[in-house]
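If you want the building blocks of each chain, they are given just below.
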Amino acid sequence: MSDMPAVHPARLSNDPYETSGVQAGFQLPRWMWRAMFACYAVFFVGIAAATGRDTATIFMLAISLLYMLMYFVTAGLLHAQKGPEHDSPLDRVGGMLDTWTGPMDRGTVAAQLLAVPAGFAFLGLTFFVIRAASF
């Protein structure tokens, strides 16, 4: 007699991943990741151009840049490990997306996701303009 319990058909999983091999996932489209990366790149270029005059500042910027790269590389590696996922709702044209705070259009959701990265890009450009104007 086996110690393994018998699998009853009613106990099979209803998890979509286990039945189809496709996960719900985080579902951020590729263009969103690229936009976030571009915003942080603008931030680092602006800050480096404005403040990167001595070794200590360059060292601090390099460490910060490595943390940013670690964030994006880790997300990419985890995405590659988990396998396929459903298409992003943000890739749909038109319609509304269901969120915790109610239905939102695609542009509003994208604006909320990119608000912080865009703010950092603006900060980097602001430091660069201030530094350039002070000469």
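Residues numbered from 1 in each chain as written. Predicted model: local features only at pLDDT ≥ 70, side-chain atom pairs only at ≥ 80, totals over all residues. Heavy atoms only, no water.

S.K.: For this particular structure, what's the right way to read the packing of helix 2 (residues 30–51) against helix 3 (residues 55–82)?
M.R.: To describe two helices that pack against each other, one gives the angle between their axes and the distance between the axes. Between helix 2 and helix 3, the shortest axis-to-axis distance is 11 Å and the interhelical angle comes to 175°. Our classification of the angle between helix 2 and helix 3 gives roughly antiparallel. Two secondary-structure elements touch here, helix 2 through Trp33, Met36, Phe37, Tyr40, Phe44, Ile47, Ala48 and Thr51 and helix 3 through Thr57, Leu61, Ser64, Leu65, Met68, Leu69, Tyr71, Phe72 and Ala75. Tallied by class, residues from the contact of helix 2 with helix 3 come to 14 nonpolar, 3 polar and no charged. (Axes fitted to C-alpha atoms, helices over the stretch in contact; angles between N-to-C directions. Helix = DSSP H or I, 4+ residues; strand = E, 2+ residues; numbered from the N terminus. Parallel < 35°, antiparallel > 145°, perpendicular 65-115°, else oblique. Contact = heavy atoms within 4.5 Å. Nonpolar A, V, L, I, M, F, W, Y, C, P; charged D, E, K, R; others polar.)

S.K.: Would you take a moment to explain the packing of aromatic side chains for this structure?
M.R.: The way to describe two aromatic rings as a pair is by their centre distance and the angle between their planes. Counted under the stated rule, the structure contains 8 aromatic pairs. Ring geometry for Tyr40 versus Phe120: centroids 5.7 Å apart, planes at 45°, classification tilted. Residue Tyr40 is found in helix 2, and its partner Phe120 is found in helix 4 (residues 106–133); the two are separated by 80 residues along the sequence. What links up through ring pairs into an aromatic cluster is the set Trp33, Phe37, Tyr40, Phe43, Phe44, Tyr71, Phe72 and Phe120. (Phe/Tyr/Trp six-rings, centres within 6.5 Å; stacked < 30°, edge-to-face > 60°.)

S.K.: Explain the packing of helix 2 against helix 4 here, please?
M.R.: Interhelical geometry of helix 2 versus helix 4 gives an angle of 15° and a closest axis separation of 6 Å. Comparing their axes, helix 4 and helix 2 come out roughly parallel. Between helix 2 and helix 4 the crossing geometry is left-handed. Partitioning the contact of helix 2 with helix 4 into residue classes produces 23 nonpolar, 2 polar and 2 charged. (Left-handed = near helix turned anticlockwise from the far one by under 90°.)

S.K.: Is there a simple way to think about a nonpolar patch on the surface in this case?
M.R.: A surface patch of nonpolar side chains, about 520 Å² in accessible area, is lined by Phe37, Leu65, Leu66, Leu69, Val73 and Leu77. When residues in the nonpolar patch are grouped by element, the largest group, 5 residues, is from helix 3. Judged by relative accessible area, Leu69 falls into the partly exposed class, the value being 32%. (Patch = residues over 30% accessible without salt bridge, like charges linked within 9 Å, V, L, I, M, F, W, Y side chains within 5 Å. Areas by Shrake-Rupley, 256 points an atom, 1.4 Å probe, with all protein chains shown as cover. Salt bridge = Lys/Arg side-chain N within 4 Å of Asp/Glu carboxyl O. Buried < 20%, exposed > 50% of the residue type's maximum accessible area, 1.4 Å probe, protein only.)

S.K.: Even after reading the chapter, I still don't get the pairing of strand 1 (residues 96–99), so can you show me in this structure?
M.R.: Two faces, one strand: in a regular strand the side chains alternate between the faces of the sheet. Pairing between strand 1 and strand 2 (residues 102–105): 4 bridges, direction antiparallel. Pairing of Asp98 across the sheet is with Pro103, part of strand 2. Taking the residues between adjacent antiparallel strands as the criterion, strand 1 and strand 2 are bridged by 2 residues. (Pairing = 2+ DSSP bridges.)

S.K.: What is the right way to read the nonpolar core from this model?
M.R.: Nonpolar side chains tend to gather and get buried jointly when the protein is soluble and globular. Judged by nonpolar contacts, the single largest core of 16 residues is most densely connected at Met32, Met36 and Leu90. Here this core gets 6 residues from one element, more than from any other, and that element is helix 2. In this view, Leu90 contacts Leu28, Pro29, Trp31, Met32, Leu97, Arg106, Val109 and Leu113; residues no more than four positions away in its chain are not counted. (Core = buried A, V, L, I, M, F, W, Y, C linked by side-chain atoms within 4.5 Å.)

S.K.: Looking at this model, I keep getting lost on helix 3. Mind explaining?
M.R.: In an α-helix, one full turn covers 3.6 residues, which means residues spaced three or four apart are oriented alike. Here helix 3 spans 40 Å end to end across 28 residues, near enough to the 40 Å set by a 1.5 Å rise per residue. When we look at burial in helix 3, the residues that qualify are Thr57, Leu61, Met68 and Phe72. Packed against the buried residues of helix 3 are helix 2. Positive backbone phi, at 90°, marks Gly83, one or two positions downstream of helix 3. (Expected span 1.5 Å × (residues − 1).)

S.K.: Would you mind going over the environment of Ser64 with me for this structure?
M.R.: On the secondary structure map, Ser64 appears in helix 3. Separated by 20 residues in sequence, Ser64 and Phe44 place their C-alpha atoms 8.7 Å apart.

Nothing here speaks to function; it is geometry throughout.
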